[in-house]
Amino acid sequence: MTYKERFDKRDFKEMRPIDAKIGVVPNADGSAMFSFGDTIALASVYGPKTLTPKHMQNPEKGILRVHYTMLSFSVGERAKPGASRRSQEISKVTEWALSPVVRLDELPGTVIDIHIVIPQANAGTRCAGINAAAMALAHAGIPMTEMISAVSVGKIDDKICVDLIKEEEDYEEGEGATDMPVAYLSNSGKLTLLQLDGRISTEKFEEALEAGKDACKKIFELQKKVLKEYK
Amino acid sequence: MTPKEKQENPGKEGKREVVIPGEIISEDENDLPGEWTVKSGKNIVATRLGVVEKIDRLVKVIPLSGVYIPRRGNIVIGEVKDITMNGWLVDIGAPYTAFLPLRECHGFIEESEMENVYGIGDLIVAKIIDVRRTSIDLTMKQKEKGLGKIREGLIVKVNPHRVPRIIGKEGSMIRLIKEASKCVIIVGQNGLIWIRGENLENQLFARKAIEFVIENTIAEGLTEKVEEWLKENKLKLKEEVKEN
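No experiment lies behind these values; they were computed from the predicted model shown. (Residues numbered from 1 in each chain as written. Chains lettered and ligands numbered in written order. Predicted model: local features only at pLDDT ≥ 70, side-chain atom pairs only at ≥ 80, totals over all residues. Heavy atoms only, no water.)

Engineer: Summarise the pairing of strand E9 (residues 87-91) of chain B; cite the residues concerned and give the values.
Structural biologist: All names here are of chain B. Pairing analysis gives 5 bridges linking strand E8 (residues 75-84) to E9, with the strands arranged antiparallel. Bridge assignment links Glu79 to a residue of E9, and that residue is Asp91. Following E8, the chain reverses through 2 residues before pairing antiparallel with E9. Where E9 meets strand E10 (residues 98-101), 4 bridges bridge the pair, whose relative direction is antiparallel. Residue Trp88 lies in a different strand from E10, and its bridge partner there is Leu100. Counted along the chain from E9 to the antiparallel partner E10, the turn is 6 residues long, and its residue Gly93 has a positive phi close to 80 degrees. (Pairing = 2+ DSSP bridges. Helix = DSSP H or I, 4+ residues; strand = E, 2+ residues; numbered from the N terminus.)

Here it is in structure tokens:
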């Protein structure tokens, strides 16, 4: 049996409904919420502030620190709270995805802390986290060259799908599932995040990248709209 | 409206559009990139969330959010964090700690006397005399009134980018609030406001007025609105005092 229809009856290249908001954490210097359907990410930005301990400071440029956490009630079976191998990996790739656009050279000796919290998860949390973090950075007034949008694309059996859900990631029939989160820059169209979990042919890979790019454009439009409403 | 008129009547050219980082704000090759912008090819691109201001050929972005950006000449309110051999380290809410050297204070201060002058945790009003790459220098030796230690009164914390609206054009807004509340108000450019009045009621009234301004920063004709609000609430205040 091949994968003919998606679990939630979406089109293969259609995302779940997306939503975004800024200023969700009043205590932070900047904050944002981003959601793909029932996957929700909250990002709060603190800084730029002087980095302590002093020996960690970089006199040439500022430092970006990302902390990603999934709350224990975010998934069906209780997630163990605290840092895990997975959360460390996601923190690191998020940091790498964001740092090319942040003008850290203007902020020597400082640190910018980004805390990404996932209160509810159904796959695609790192992409939702990156989208929220990009908006939170803009809200915090951090100098940035452009915005970032991220989405997960994949191949379920032999179909290219955009914005996978948990059931699709676990699909095992036919060719199985391939999961590929991508992050695109809004202006230059460069990629800052590309991970791949599964097997995919070169042709299908390029098709998936294109599908991701189109979805990221839609996400960017929403990010832009929400940020422009800021007063 | 010509750029010159625009400069003289800020906020009068109607609603200004908010730009986001990465947005192209000028395609004219002759325009010059100002603050929070970069030149990319022919275009000028914004690097911060804010509103665009164009003065002649210079295009810049006025930020709307984020931490305080220190500027030379600003009056700021800060908290003493540490005492060193030759001065005080002061947190003014900027990315870098500010430094108040001994030589920038009035009179002769013995090193052992330093903590009696400004102790750790004290709030002080000072002026920024220099902003360097990773340091900020403060001074007390200026003619401005009110520089020194804060001993009494109320501190209100607001978004530093809203401070120009609280002060108003040539201090018109803050003067209104001062007169209505009979308080001495010192507005730190870093978003900390010091209110000192005869009694708590007046101080709280001044704080309420400032909160009203913050909530309505985008409204047009804000000064008139505030005037009305002050009149209305002043009466309420009097009644409350009478009842008590």
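Text resumes after the structure shown.
Engineer: Let's hear about the domain arrangement of chain B: which residues, and what values?
Structural biologist: Residue and element names in this part refer to chain B. Annotation of chain B at the domain level lists domain 1 (3-63), domain 2 (75-150) and domain 3 (154-243). A C-alpha centroid distance of 27 Å is found between domain 2 and domain 3. Facing 9 residues of domain 2, the contacting portion of domain 3 comprises 9 residues. Taking both sides of the interface into account, the surface hidden between domain 2 and domain 3 amounts to around 720 Å²; carbon and sulfur atoms contribute 73%. Counting across the domain 2 and domain 3 interface gives 0 salt bridges. Joining domain 2 to domain 3, the criterion identifies 3 residue pairs in polar contact (both at pLDDT 80 or more). Taken together, the elements giving at least two residues each to the side of domain 2 that touches domain 3 come down to E8 and strand E11 (123-131). Of all the elements, E8 adds the most residues to the side of domain 2 that touches domain 3, at 3 residues. For the side of domain 2 that touches domain 3, the class distribution of residues is 7 nonpolar, 1 polar and 1 charged. (Domains from an automatic or database assignment. Contact = heavy atoms within 4.5 Å. Buried area = accessible area lost by both parts, 1.4 Å probe. Salt bridge = Lys/Arg side-chain N within 4 Å of Asp/Glu carboxyl O. Polar contact = N/O pair within 3.5 Å; in protein donor to acceptor, adjacent residues only side chain to side chain. Nonpolar A, V, L, I, M, F, W, Y, C, P; charged D, E, K, R; others polar.)

Engineer: Explain the packing of helix H4 (residues 172-181) of chain B against helix H5 (residues 200-215) of chain B residue by residue, including any values.
Structural biologist: Residues and elements named next belong to chain B. One way to put it is that H4 packs onto H5 with a least axis distance of 9 Å and a crossing angle of 150 degrees. Between H4 and H5, the angle falls in the class roughly antiparallel. In this structure, H4 meets H5 at a crossing whose hand is right-handed. Mapping the contact onto sequence places Met173, Ile177, Ala180 and Ser181 in H4 and Asn202, Phe205, Ala206, Ala209, Ile210 and Val213 in H5. (Axes fitted to C-alpha atoms, helices over the stretch in contact; angles between N-to-C directions. Parallel < 35°, antiparallel > 145°, perpendicular 65-115°, else oblique. Left-handed = near helix turned anticlockwise from the far one by under 90°.)

Engineer: Give a description of the pattern of salt bridges that names residues and reports values.
Structural biologist: All chains considered together, the criterion is met by 27 salt bridges over all chains. With its nearest N and O atoms 2.8 Å apart, the salt bridge here joins Lys228 of chain A to Glu23 of chain B. Pair noted here: Lys228 of chain A is in helix H4 (residues 202-228) and Glu23 of chain B is in the loop between strand E1 (18-19) and strand E2 (24-26), and the two residues belong to different chains. Accessibility expressed as a relative area gives 16% for Glu23 of chain B, which makes it buried. Salt bridges sharing common partners tie together Asp8, Arg10, Arg16, Asp38 and Asp163 of chain A. (Buried < 20%, exposed > 50% of the residue type's maximum accessible area, 1.4 Å probe, protein only.)

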